[in-house]
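# Tertiary structure, described
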Amino acid sequence: MTERAEVDIRTAVLDDEVVQLQVAGDVDLLTVPCLARALAAAARLSPRRVEVDLSAVDFLSVSGAAELALAAVRMPVQVRPASRASRATLTATGLDHLLG
């Protein structure tokens, strides 16, 4: 039996200029497309900033960090708060500048 990774992403518009994504679970190769879709949907709202809450992320893969980096090219992205696991990955990949 194969284990299936799961991620839960909730989107909230905090005001007209800030969109928050709350991410929980594992962000890995299987679930990165969910993160990509959520970030793309947030970008379509043309926010001043997208805040990504990774405090409930148990595992953030390099592919998940890369997706955040790609999103940061298109729009201002700030990660806050961040779990220990996600902070470690962002730091190891040189993306700690996204941490707020």
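Residues numbered from 1 in each chain as written. Predicted model: local features only at pLDDT ≥ 70, side-chain atom pairs only at ≥ 80, totals over all residues. Heavy atoms only, no water.

## What to know about the sheet that holds strand β1 (residues 7-13)
This is how the line gets drawn: Strand pairing is assigned whenever DSSP identifies at least 2 bridges connecting the two strands. Comment: elements are numbered from the N terminus, with helices defined as DSSP H or I runs of at least four residues and strands as E runs of at least two. To get an axis, fit a line to the C-alpha atoms, keeping to the stretch in contact for a helix; angles then go from 0 to 180 degrees between the N-to-C directions. Contacts are residue-level and defined by heavy atoms, with any inter-residue pair within 4.5 Å sufficient.
As summarised here, the arrangement of the 4 strands in space is β1-β2-β3-β4, forming an open sheet in which the pairing is mixed. Here the strands that pair on one side only, and so sit at the sheet edges, are β1 and β4 (77-82). Between one strand and the next, the sheet's axes are offset by a mean angle of 20°, whatever the strand orientation. Pairing analysis gives 7 bridges linking β1 to strand β2 (residues 18-27), with the strands arranged antiparallel. Considered in β2, the bridge of T11 is made with L21. Strands in contact with helix α1 (residues 32-44) are β1, β2 and β3 (49-60); relative to β2, the strand with the most contacts, it is inclined by about 180°.

## Points about unusual backbone geometry
Following R80, the chain continues to P81 via a peptide bond in cis, the omega torsion being -15°. Position of P81 relative to the elements: it lies in strand β4. One non-glycine residue, S46, adopts positive backbone phi at about 50°.

## Quick notes on the side chain of E51
Here is the rule: For every residue, the accessible area (1.4 Å probe, protein chains only) is compared with the maximum for its type, and the residue is labelled buried under 20%, exposed over 50%, or partly exposed between those bounds. Nitrogen and oxygen atoms within 3.5 Å of one another constitute a polar contact, given that in protein one can donate a hydrogen and the other can accept it, and given that sequence-neighbouring residues count only through two side-chain atoms.
As for its placement among the helices and strands, E51 is situated in strand β3. We classify E51 as buried; its relative accessible area is 6%. Polar side-chain contacts of E51 include one of 2.6 Å to the side chain of R49. At 2.9 Å, the side chain of E51 and the side chain of R80 are in polar contact. In this structure, E51 is in contact with L14, V18, V19, Q20, L21, Q78 and R80, ignoring residues within four places of it in sequence.

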